[in-house]
Amino acid sequence: MKNIEISIIFKNIAKLLTIKGEPGFRIRSYEKAADIISDLAEDVSILIEEGKLQSISGIGKTIEEKSKEILETGTCQAYEKLIAEMGVEVLDLLNLKGIGGKTASLLYNDFGIKNLNQLSDMLESGKLQEIKGIGKKTMETISVSLEFLNTHKGTRILARCLDVVAHLSEIINACDAVNRFELTGDVRRLEEICQSIEIVVECQDNIVETQSALIDTFSTHKQPLQTEISNDENCTDKIPSLESIEKIHLLVDNGFPVTVYLCIAEDFESVLFLTTPTNEHLAEYRNVCGQSESSDFLIASRDKTETEIFDNLEMSFIPPELRKYPDSVALACDDKLPVLIDYNDLRGDLHTHTDWSDGAHIMEDMVAAAIKRELEYYAITDHSVSSFVANGLDQERLLKQIEYVHRLDEETDGIKLLAGSEVDILRDGSLDFSDDILVQLDIVVASVHSLFTLSETEMTKRVIRAIENPYVMIIGHPTGRLLGRRKGYPINLDEVIAAASENKTVLEINGSPSRLDLGPEYVRKAKDAGVLIAVNTDAHSIPESERYRYGVNVARRSGLSKGDVVNTYPIEKLLQILHRNRN
DNA sequence: GCCGTTTTCGGCCCGACTGTTTTCAGTCG
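Overview of the structure. The residue count restarts for each chain, going from 1 along the sequence in the order it is written. By the order in which they are written, chains take letters starting at A while ligands take numbers starting at 1. Totals for whole chains, interfaces and linings use all residues, but because this is a predicted model, local features are given only for residues with pLDDT of at least 70 and pairs of side-chain atoms are given and counted only at 80 or more. Only hydrogens and water are set aside when side-chain values are computed; all heavy atoms of the structure are taken into account.

### Digging into helix 12 (residues 268–275)
Think of an α-helix as 3.6 residues a turn; residues three or four steps apart then line up on the same face.
For step 1, the next point in the chain: Accessibility here uses a 1.4 Å probe with only protein chains present; expressed as a share of the type maximum, an area under 20% marks a residue as buried, one over 50% as exposed, and anything in between as partly exposed. Helix and strand definitions follow DSSP, with helices as H or I runs of at least four residues and strands as E runs of at least two, each counted in order from the N terminus. A large share of helix 12 lies buried, amounting to 7 of its 8 residues.
For step 2, the next point in the chain: Within helix 12, the full set of buried residues consists of Phe268, Ser270, Val271, Leu272, Phe273, Leu274 and Thr275.

### Some thoughts on the side chain of Thr276
For step 1, the next point in the chain: Structurally, Thr276 can be placed in the loop between helix 12 and helix 13 (279–289).
For step 2, the next point in the chain: Among the polar contacts made by the side chain of Thr276, one reaches the side chain of Thr184 at a distance of 3.2 Å.
For step 3, the next point in the chain: Setting aside chain neighbours within four positions, we find Thr276 in contact with Thr184, Gly185, Arg188, Arg189, Glu306, Pro320 and Arg323. Throughout this description, a polar contact denotes any pair of N or O atoms lying within 3.5 Å of each other; where both atoms belong to protein, one of them has to be capable of donating a hydrogen while the other can accept it, and for residues adjacent in sequence the pair is counted only when both atoms sit in side chains. We call two residues in contact whenever any of their non-hydrogen atoms come within 4.5 Å of each other.

### A look at the layout of surface pockets
For step 1, the next point in the chain: Here a cavity means grid points, on a 1 Å grid over the protein atoms only, where a 1.4 Å probe fits yet cannot get out; a pocket means an open set of points with protein on both sides within 12 Å along at least five of seven lines; lining residues are those with an atom within 4 Å of a point. Grid points are joined across faces, edges and corners, and a volume is the space filled by probe spheres set on the points. There is about 1200 Å³ of room inside the second largest pocket.
For step 2, the next point in the chain: Along its surface, the second largest pocket is lined by 38 residues, and Phe148, Arg486, Lys487, Gly488 and Tyr489 are the ones closest to its centre.
For step 3, the next point in the chain: Looking at the lining of the second largest pocket, the elements with two or more residues in it are helix 8 (136–151) and helix 22 (520–528).
For step 4, the next point in the chain: At 7 residues, the largest contribution of residues to the lining of the second largest pocket is made by helix 8.
For step 5, the next point in the chain: When residue character is reported, Ala, Val, Leu, Ile, Met, Phe, Trp, Tyr, Cys and Pro are called nonpolar, Asp, Glu, Lys and Arg charged, and the others, Gly included, polar. For the lining of the second largest pocket, the per-class residue count stands at 14 nonpolar, 11 polar and 13 charged.

### Considerations on the protein's contact with DNA strand B
For step 1, the next point in the chain: In this text, near means that some heavy atom of the residue lies within 4 Å of the molecule or strand in question. Taken together, 40 residues form the shell around DNA strand B, and within it Ser29, Gly98, Thr103, Lys137 and Val389 come nearest.
For step 2, the next point in the chain: The side chain of Lys97 places a nitrogen or oxygen atom 3.1 Å from a phosphate oxygen of DNA strand B.
For step 3, the next point in the chain: Examining the composition of the surface near DNA strand B, we find that 5 residues originate from one element, helix 2 (residues 24–39), more than from any other.
For step 4, the next point in the chain: Taken together, the residues of the surface near DNA strand B sort by class into 13 nonpolar, 15 polar and 12 charged.

Distances and angles like these do not, on their own, reveal function.
Structure (structure tokens):
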């Protein structure tokens, strides 16, 4: 059980209590505890063992007891009681833009709204607009948000899938009848949003025996994923049931589909090969090899490794991340696939936070985590004054911080610290700090954090003006999207990319698992336009320093090589590139 | 629910802006 699981339960308790209409401060305590726990650098279980959990400010007796209960049983009674009473779907109400705690509570208590479908009916019947405080614009916001959530219904972001996979792996490992297993499908391709989890299992001897042993193992490990065996044959099935392939369908994590393919050793890699790509990509292989049926293909490729299968198709090995795009097959046939950036290629992080603004940890601890990651350079880029809620730094505090970073840099061996700022891009595209302040910074990341409702024209103009500022080096999370939750502000990215290309401004791939912003579609366009990319963590805590992996995933899926990513360069070259617009 | 203390309950809670109204809910990190 990881900290994140405990954190999610506390966050959900807070949400359910909000919707129920409970008074505020108890809710706030659960929210605070959830935030504290997700940011902890150590496992809750260890802190409890050492008797240290309650010494953290914000965590008292009740939170510790409930944490213990969750660690032991996968859940806690208080949470289960709320879910039983209100239903888990009611939580979706708070994911809608335009609806906050007060409105969600009103909808639930006075109108009996328990899920998005009921809300949708209410919206269509016009009853929603009768509620005080909901006018034309808010209706529109809710309607757009509802449609967005519906298109992502039943999906999970990659990070959540990997958490779920960690649990499933434990369960599968506990089954003696399994030789080995590997992820396939969406998760193997590292899709930012996944439709399902697919796993290929190599059985020890008899497939049917392994199948029934695995079903037994899954059935006895119900918590914390609410794992159920499902008979739903409509689950993602890339290959038909064959004599040599069996399947198990599961629903985990409140109804998320999992398909387990069971096969013998000889078929393991060919099943992996067939189940990894999208259907569109798979069709391209068929064009190349002329095999029309998966079953024929399977027989033809029996006992071969994936590499041998690609060899037989007379194309180079296509990394799983690229087995989505039809064009990668043509590139593989011509042996022209890019050499993808590797996770170890990053030499530094150019966008991070500390407790000077809204980070959870002190600068020294964040730096220690960076040294542990063996980074060569590390930029501190706390928020600027306009991000008030994030305790953004004003000019005076920024100047103090620059000095502090320089001093810490002198005292610290093994890493170069860069003084930076994540500067807010204001409404008109100007920045929070004047040029004579910006010139003192090693790194300037400029980001939009407010006024998401501007028109596309205004927003595009706003960001381009920031790009044109010679002191701005990187545009942070360029679309403002939150995966599965928020579409991002309206902006013409083609124009933004053209402006970045012209002004030699770097665009960011933000490694926050719920952002991953820019996404592959536009990263590819940026690469084509000669724009360099920075893969940053935007870490607000020590655990978040690990999110560089998610950023690299996006870079790989976008077909980026090491040379396309600015923070793979040695420090001298990096600064030369970033400072080239300064005179 | 947590904290702190003047030991048994009162205080916790940021700011600017938008939308919808005329006082407040929601949104940005």
